[in-house]
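Geometric and topological summary
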Amino acid sequence: MKKAKFSAKAKTPTHEALFAQPTVHFTLTTHLGRDLDLRTAVRQLLGDDVAVSAAWPSELGIRVTPSMRKLARTLERTRRLKDDADRFRRERTAGSLTRFVLRHPLIMWGGLARGSGSTEELEPSSGDGSIDEALEFGQEVILNAQKISAVEREMDARLFGGQSRDFDRFVRLNLRGSYHDIRLPASSETAHVVFEPRLLLHSSGVLQLTIAVPLHARLTTSQLIHLSRSDRMEVAASQVPEPLLALQTEGTWADELDAGARLFVRDVGEGLTLADLIHEHLLVVRKALKRRGNAQWNIHATVFASAGACCKEQDSWRNMHSDDAAQVAARYQPNGGFDRERLRGINLALETDRLLTTNIGSTTLIDFRSGDREPFHELNTVLLVEHVMLQYARLQDIEGRVAKPRLYGKKLTRLQRDSVDVFTDMRQHELRYGSAREIATRLLNELGAQDMRRTIETALGLASQSDATHQATVQSRRSMVLTVIATVLAVLVAIPALQDLLTLVSQTPDLAHTPWLLAPFKWFASLGGWGPWAIIAVILAAVVTWWLFRKLWWALRFLVIVVGVIVGRRGPLVPQSLTLTADLRESTDSAMDEEEEKEPGLEVGGRR
């Protein structure tokens with residue numbers, strides 16, 4: 001596949017780069033600790049009014065909250081009432097009146113109870129316009145609650161396929177919205193943002209929360225890098241509906257309601273960041289699901305931006321600000337020179353006027369065209385990132401499970417099955433496009449998925465060997481138990497036979513030459529009914545004594561080996577002794593005039 005490339009020679013910028021229409025999607029992925037019943041989870045989130053809609057991959061309809069469903073039924077009854085009333089006004093026939101009475105008996109009964117049995121109440125009035133407006137407003141509320149979920153499911157169906165969608169192994173939900181003001185770094189301005197969090201729940205227990213932050217402002221390179229970090233994005237104002245409250249902060253309740261819920265206006269001081277708000281949503285979801293969750297979590301940022309109006313031409317921006325694009329892609333702004341290609345990474349975009357890179361912490365898509373972007377088109381890239389991070393979270397969970405002790409039997413079999421499922425999904429067979437598969441594989445490799453897979457495979461191999469040894473030990477114990485049971489049964493069966501044998505021996509006269517041969521048996525026979533039990537006790541004592549002797553023999557051999565090893569660590573014992581001989585004789589050489597002194601010789605020898 002042909003890749004988009006930058007110009008090898010970048011121009012020296014004469015002004016600061018500007019990015020237009022920046023949007024950052026923060027995707028938090030964590031594991032809830034065990035498998036999740038998705039149907040129960042959806043009912044809990046919708047029932048607690050935390051989520052407003054839910055979309056199953058295999059369904060065409062969108063699930064909504066009980067209050068929203070009640071509103072939809074009320075709107076349907078109101079619309080039917082209005083249509084029947086309008087029909088009677090037009091036709092003025094007995095059939096239309098009968099239809100109205102049969103379909104709306106309570107209204108007619110109420111009119112009769114008030115003493116008004118005429119049809120004047122069905123005549124047009126000035127309130128018909130307000131009814132139409134109310135119906136239109138209610139329908140708009142219901143459509144807005146389902147719009148994001150419907151678009152998300154449609155784009156998911158175009159991008160993905162496979163058994164996970166056919167068998168509803170996950171579900172997507174749209175949470176309640178909240179309203180915030182984000183501080184722009186190095187500026188006194190703020191950007192108003194409406195959060196529309198999206199939630200994905202997987203049957204394996206993975207929870208994935210994505211919050212989009214569209215910033216309708218022109219940002220410099222340093223500002224965009226700063227705002228692409230959730231722990232650095234500061235919140236200047238925050239209004240959160242009551243079902244989404246989890247952080248203990250001071251504030252006041254607003255007078256108006258937000259979709260039927262009270263709105264809490266926080267007194268935001270210094271230090272409240274977007275990361276705090278993301279974790280607040282996570283706490284609310286865990287509380288609704290009654291799960292404590294895992295301590296490990298990961299936040300991946302997906303950054304979108306277009307070329308700003310700092311350059312007149314599109315090619316000029318790309319050539320002049322390629323270093324700025326590389327810094328945004330890496331979310332790092334070095335002080336000195338840097339290798340642009342290494343900092344930016346491989347460009348995975350098919351179009352020459354786009355930059356698409358991915359790394360362990362973020363995915364960046366920069367459009368060098370200065371036109372408006374369609375927000376829903378960004379969702380393709382975000383869904384792809386969520387797909388990869390979901391696989392990574394499942395790998396993390398399996399990697400943690402294989403490290404646990406006593407992994408035998410059904411636990412090991414289930415872990416092997418889950419591992420095979422994840423390894424199969426890592427081939428990206430669910431993606432319908434080759435370019436998407438390449439991006440997903442690249443991101444997985446950046447996250448270290450292949451190393452994790454090798455670790456899991458090695459651990460599963462060792463666990464299988466341990467399980468085989470454990471199963472052999474269990475079978476040996478079972479065989480021992482069966483042997484003991486068989487021995488006990490044999491003893492019980494042998495008691496009558498031994499009693500008959502002792503009775504026969506007691507009646508037999510002593511042998512003339514070998515009287516000692518029957519003496520033990522006669523002694524056992526003299527014990528009466530305890531004779532057979534005494535024989536069995538003697539045999540059992542002999543067997544136990546032999547078993548203890550063998551154990552003691554092996555223990556003594558092991559003790560000798562251990563003592564030898566310990567003593568051997570002190571060093572070899574040979575030679576056993578040393579003999580030192582010093583030769584102190586002075587040299588009688590003629591060179592005595594030079595008054596040389598010879599050093600004594602030293603011999604070291606061992607005794608033979």
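First, a word on scope: everything that follows refers to the structure included in this document. Model, not experiment: these values are computed from the prediction.

1. Brief notes about the overall build of the protein chain
Helix and strand counts for the protein chain stand at 17 helices and 17 strands. Looking at the protein chain residue by residue over its 608 residues, the buried ones come to 39%. When contacts within the protein chain are restricted to residue pairs at least 6 apart in sequence, those whose partners lie at least 24 apart make up 72%.

2. Some remarks on the packing of helix α15 (residues 449-507) against helix α16 (residues 519-526)
Viewed as axis vectors pointing N to C, α15 and α16 meet at an angle of 115°, and their least axial separation amounts to 9 Å. Of the possible angle classes, the one that applies to α15 and α16 is roughly perpendicular. Judged by the sense of rotation from one axis to the other, the crossing of α15 with α16 is left-handed. Residue-level contacts link L502, V505 and S506 of α15 to F521, K522, F524 and A525 of α16.

3. Describing empty space enclosed by the protein
Counted under the stated rule, the structure contains two cavities of 30 Å³ or more. Volume-wise, the largest cavity comes out at about 70 Å³. T29, T30, H31, N294, Q296, W297, N298, A393, Q396 and D397 are the residues that line the largest cavity. Listing elements by their share of the lining of the largest cavity, those giving two or more residues are β1 (18-31), β13 (297-307) and α12 (375-402). Its residues assigned to classes, the lining of the largest cavity shows two nonpolar, seven polar and one charged. Approximately 30 Å³ is the volume attributed to the second largest cavity. Lining of the second largest cavity is provided by A55, W56, P57, R153, D156, F170 and R172. Every element with two or more residues in the lining of the second largest cavity is listed here: α5 (127-159) and β4 (170-175).

4. Structural notes on a nonpolar patch on the surface
Taken together, the side chains of M480, V481, L482, V484, I485, V488, L489, L492, W523, L527, W530 and W533 present a nonpolar region at the surface, about 1,300 Å² in accessible area. When residues in the nonpolar patch are grouped by element, the largest group, eight residues, is from α15. Within the secondary structure, L527 sits in the loop between α16 and α17 (531-568). Residue L527 is classed as partly exposed on the basis of its relative accessible area of 34%.

5. Some points on the layout of surface pockets
Taken as a whole, the largest pocket spans an internal volume of roughly 1,200 Å³. Going through the elements one at a time, β1, α2 (66-91), α5, β4, β6 (190-195), β8 (206-214) and α12 are the ones with two or more residues in the lining of the largest pocket. Counting residues per element, the lining of the largest pocket draws most heavily on α5, which supplies nine residues. Residues belonging to the lining of the largest pocket are distributed by class as follows: 20 nonpolar, nine polar and 11 charged. As a volume, the second largest pocket reaches approximately 810 Å³. Where the lining of the second largest pocket is concerned, the elements lending two or more residues are α5, β14 (354-358), β15 (362-367), α12 and α14 (434-446). Partitioning the lining of the second largest pocket into residue classes produces 13 nonpolar, five polar and 10 charged.

6. Quick look at the nonpolar core
Counting residues in each nonpolar core, the largest one holds 62 residues, and the members touching the most others are F26, L45, L173, L199, L201, L207 and V213. For V213, the contacting residues outside a window of four places in its chain are P22, T23, V24, F26, I182, V193, F195, M233 and L274. If you look at the next biggest cluster of nonpolar residues, it comprises 38 residues, including L159, L379, V382 and V402.

7. Structural notes on the side chain of T221
Inspection of the secondary structure assignment puts T221 in helix α7 (residues 221-227). Beyond its immediate sequence surroundings of up to four residues, T221 is in contact with A17, F19, D324, Q327, V328 and Q333.

8. Some thoughts on unusual backbone geometry
The backbone phi angle of A259 is positive, close to 55°, even though this residue is not glycine. Relative to the elements of secondary structure, A259 occurs in the loop between β11 (251-258) and β12 (261-266). Taking the relative accessible area as the measure of exposure, A259 reaches 67% and is therefore exposed.

9. Quick word on the packing of α12 against α14
Relative to each other, α12 and α14 sit at 40°, their axes nearing to 10 Å. With respect to each other, α12 and α14 are oriented oblique. Between α12 and α14 the crossing geometry is right-handed. In contact with L384, V388 and Q391 of α12, α14 contributes A436, I439, A440, L443 and L444.

10. Some thoughts on the packing of aromatic side chains
Tallied over the entire structure, the rule returns three aromatic pairs. Seen in terms of ring centroids, W253 and F264 are 5.1 Å apart; in terms of plane orientation they differ by 65°. Their pairing is edge-to-face. You can see W253 sitting in strand β11 and its partner F264 sitting in strand β12, a full 11 residues away along the chain.

11. Looking at the sheet that holds strand β5 (residues 178-183)
Picture the strands of a sheet paired through backbone hydrogen bonds; they go either parallel or antiparallel. Ordered by their spatial adjacency, five strands build an open sheet running β6-β5-β10-β12-β11, and the pairing between neighbours is antiparallel. Looking along the sheet, the strands with just one partner apiece sit at the ends: β6 and β11. On average, each strand axis in the sheet is tilted by 20° relative to the strand beside it, whichever way the strands run. Here β11 pairs with β12 via five bridges, running antiparallel.

12. Re the pairing of β1
The element β1 is largely enclosed, with a buried count of 12 among its 14 residues. As paired elements, β1 and strand β9 (residues 219-220) share two bridges and run antiparallel to each other. Counted as the bridge partner of L18 is T220 from β9. Sheet analysis places β1 next to β13, joined by 10 bridges and oriented antiparallel. In the sheet register, T27 faces β13, and the bridge partner there is H300. In the sheet, β1 pairs with β8 via nine bridges, with the strands oriented antiparallel.

13. Considerations on the pairing of β5
Of the two faces of β5, the one holding S178, H180 and I182 is buried and the one holding Y179, D181 and R183 is not buried anywhere. Pairing geometry for β5 and β6, over six bridges, is antiparallel. Among the inter-strand pairings, D181 is bridged to a residue of β6, identified as H192. Remark: six residues form the turn of the hairpin made by β5 and β6, two consecutive strands paired antiparallel; A186 in that turn has positive phi of roughly 55°. Here β5 runs beside strand β10 (residues 235-241); their pairing, made up of four bridges, is antiparallel.

Cut-off values and rules
- Residues numbered from 1 in each chain as written.
- Predicted model: local features only at pLDDT ≥ 70, side-chain atom pairs only at ≥ 80, totals over all residues.
- Heavy atoms only, no water.
- Helix = DSSP H or I, 4+ residues; strand = E, 2+ residues; numbered from the N terminus.
- Buried < 20%, exposed > 50% of the residue type's maximum accessible area, 1.4 Å probe, protein only.
- Contact = heavy atoms within 4.5 Å.
- Axes fitted to C-alpha atoms, helices over the stretch in contact; angles between N-to-C directions.
- Parallel < 35°, antiparallel > 145°, perpendicular 65-115°, else oblique.
- Left-handed = near helix turned anticlockwise from the far one by under 90°.
- 1 Å grid on protein atoms, 1.4 Å probe; cavity = no way out; pocket = protein on both sides within 12 Å on 5 of 7 lines; lining within 4 Å.
- Points joined across faces, edges and corners; volume = space filled by probe spheres on them.
- Nonpolar A, V, L, I, M, F, W, Y, C, P; charged D, E, K, R; others polar.
- Patch = residues over 30% accessible without salt bridge, like charges linked within 9 Å, V, L, I, M, F, W, Y side chains within 5 Å.
- Areas by Shrake-Rupley, 256 points an atom, 1.4 Å probe, with all protein chains shown as cover.
- Salt bridge = Lys/Arg side-chain N within 4 Å of Asp/Glu carboxyl O.
- Core = buried A, V, L, I, M, F, W, Y, C linked by side-chain atoms within 4.5 Å.
- Phe/Tyr/Trp six-rings, centres within 6.5 Å; stacked < 30°, edge-to-face > 60°.
- Pairing = 2+ DSSP bridges.

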